[in-house]
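# Coordinate analysis (summary)
Read off the chains here:
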Amino acid sequence: MSRTAAGVAPQPRAVGRARIGLRDGKLADLYQQGSARIMLPVAPGPGLEAVIVNTAGGITGGDRFSYAGDAQGGRLVLATQTAERLYRAQPGQIGRLDTSLTVAPGARIDWLPQETIVFDRAALDRRLSVSLQGDAVFTAVEPLILGRAAMGETVRAAQVTDHWEIRRDGALVYAEAFRLTGDIAAATAGPGTLAGQRALATLLHIGPDAASLLDPLRARLGQIDAVLGGASLRDGCLIARLVAPDGLALRRGLAQALPCLLGRALPRVWQI
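In short, a report on the structure. This one's a predicted model, so the numbers in the text were calculated from it and none came from an experiment. (Residues numbered from 1 in each chain as written. Predicted model: local features only at pLDDT ≥ 70, side-chain atom pairs only at ≥ 80, totals over all residues. Heavy atoms only, no water.)

## A short note on the environment of Ala71
By the secondary structure assignment, Ala71 is in strand E5 (residues 64–72). Residue Ala71 is classed as buried on the basis of its relative accessible area, which comes to 0%. In sequence terms Ala71 and Asp225 are 154 residues apart; their C-alpha atoms lie 36 Å from each other. The contacts of Ala71, once residues within four sequence positions are left out, are Leu22, Leu76, Thr102, Val103, Ala104, Ala107, Arg108 and Ile109. (Helix = DSSP H or I, 4+ residues; strand = E, 2+ residues; numbered from the N terminus. Buried < 20%, exposed > 50% of the residue type's maximum accessible area, 1.4 Å probe, protein only. Contact = heavy atoms within 4.5 Å.)

Now the structure itself:
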């Protein structure tokens, strides 16, 4: 059996690809391959609701997943079936998750994955690329849990990178690079980082109505128990950050904050 540079036998890896497209608000394209699936539940509320499923049960080093969504008219609501789990990776191996979204004029995509739970010694490189055209609207959330408090888990070492790049008519309007590496427990313990909090999330809304949503979102964040958060607006991009002591507190906070940006209820898979 062949071995990696670290002397560890390579393990089978999960690969998955999924794609969904709308035309005039109706399903026009659906593709799924490998360990990625898309379900289309009957759901109330505006837009077509689609749920992404990772049949591998999580991501570890060497896994490769890619998701794509295209809304040429109408509203596409994309969520994940459950929390994504980043499992311990072999030395030198990194998982990869790429998401590419395209939103035409007059259309909207809501990117609403549930929590990503980081286990000790996990490794993931994740990228989100969004192309907006004209007055297209985009809303996104990305929750991250550093070990499950109820299970007594501590993430002592991990490597997680997250890159967002969002363009409107080809011009860059929002970019973000997030990186966690090394001794995570020590790096996030100080007051300048997470002050010992285990859960964090970024909310983003880009659209013509962004400025009008700032004050309502700030008011809502101020009413959420056990969650610290703040929101700001720049160049038509409404950004909010939330931190909480554990995943349950964060989820409850997001369940109150996200409807301010969505103007609709969260997908059913988000219900606590």
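## Some words on the pattern of salt bridges
If you walk through the whole model with that rule in mind, you get 14 salt bridges. The salt bridge involving Asp110 is made with Arg75; its shortest N-O contact spans 2.7 Å. Of this pair, Asp110 sits in strand E9 (residues 108–112) while Arg75 sits in strand E6 (residues 75–80), and the two are 35 residues apart along the sequence. Under the relative-accessibility criterion, Asp110 is labelled buried at 0%. With its nearest N and O atoms 3.9 Å apart, the salt bridge here joins Asp235 to Arg234. Classification of Asp235 by relative accessible area gives exposed; the value is 69%. Judged by its relative accessible area of 64%, Arg234 is exposed. Taken together, the salt bridges that share partners define one network made up of Arg96, Asp98, Asp125 and Arg127. (Salt bridge = Lys/Arg side-chain N within 4 Å of Asp/Glu carboxyl O.)

## Quick notes on the packing of helix H2 (residues 210–221) against helix H3 (residues 247–262)
Packing of H2 against H3 leaves a shortest axis separation of 9 Å and a crossing angle of 170°. The angle between H2 and H3 falls in the class roughly antiparallel. Residues Leu213, Pro216, Leu217, Arg220 and Leu221 of H2 touch H3, and the partners they reach there are Gln256, Ala257, Cys260 and Leu261. Residues of the contact of H2 with H3, tallied by class, amount to seven nonpolar, one polar and one charged. (Axes fitted to C-alpha atoms, helices over the stretch in contact; angles between N-to-C directions. Parallel < 35°, antiparallel > 145°, perpendicular 65-115°, else oblique. Nonpolar A, V, L, I, M, F, W, Y, C, P; charged D, E, K, R; others polar.)

## Remarks on the packing of aromatic side chains
Per the stated rule, a full pass over the model turns up two aromatic pairs. Arranged with centres 5.1 Å apart and planes meeting at 40°, the rings of Tyr87 and Phe119 form a pair that is tilted. In this pair, Tyr87 is assigned in the loop between strand E7 (84–86) and strand E8 (95–103) and Phe119 in the loop between strand E10 (116–118) and strand E11 (123–132), connecting sequence segments 32 residues apart. The exposure class of Phe119 is buried, given its relative accessible area of 17%. (Phe/Tyr/Trp six-rings, centres within 6.5 Å; stacked < 30°, edge-to-face > 60°.)

## Brief notes about the nonpolar core
Ranked by internal contacts, the top residues of the largest apolar core, which has 46 residues, are Trp111, Val118, Phe138, Leu146 and Leu204. Dropping the residues within four chain positions of it, Leu146 is found in contact with Val118, Val155, Leu180, Ile184, Thr188, Leu194, Arg198 and Leu200. (Core = buried A, V, L, I, M, F, W, Y, C linked by side-chain atoms within 4.5 Å.)

## Description of the sheet that holds strand E2 (residues 26–34)
Think of a sheet as strands paired side by side through backbone hydrogen bonds, with each pair either parallel or antiparallel. With mixed pairing, seven strands are arranged side by side in an open sheet as E2-E1-E5-E8-E11-E13-E14. Only two strands of the sheet have a single neighbouring strand rather than two, namely E2 and strand E14 (171–182). Neighbour to neighbour, the strand axes of the sheet diverge by 5° on average, direction disregarded. As defined by bridge partners, E11 adjoins strand E13 (residues 158–168) across ten bridges and the pair is classed as parallel. Bridge pairing in E13 links Leu128 to Trp164. (Pairing = 2+ DSSP bridges.)

## Regarding the side chain of Thr80
If you trace the backbone, Thr80 turns up in strand E6. Engagement of the side chain of Thr80 in a polar contact is seen with the backbone oxygen of Thr82, the distance being 3.2 Å. Residues within four places of Thr80 in sequence aside, it is in contact with Val51, Ile52, Leu112, Pro113, Gln114 and Val269. (Polar contact = N/O pair within 3.5 Å; in protein donor to acceptor, adjacent residues only side chain to side chain.)

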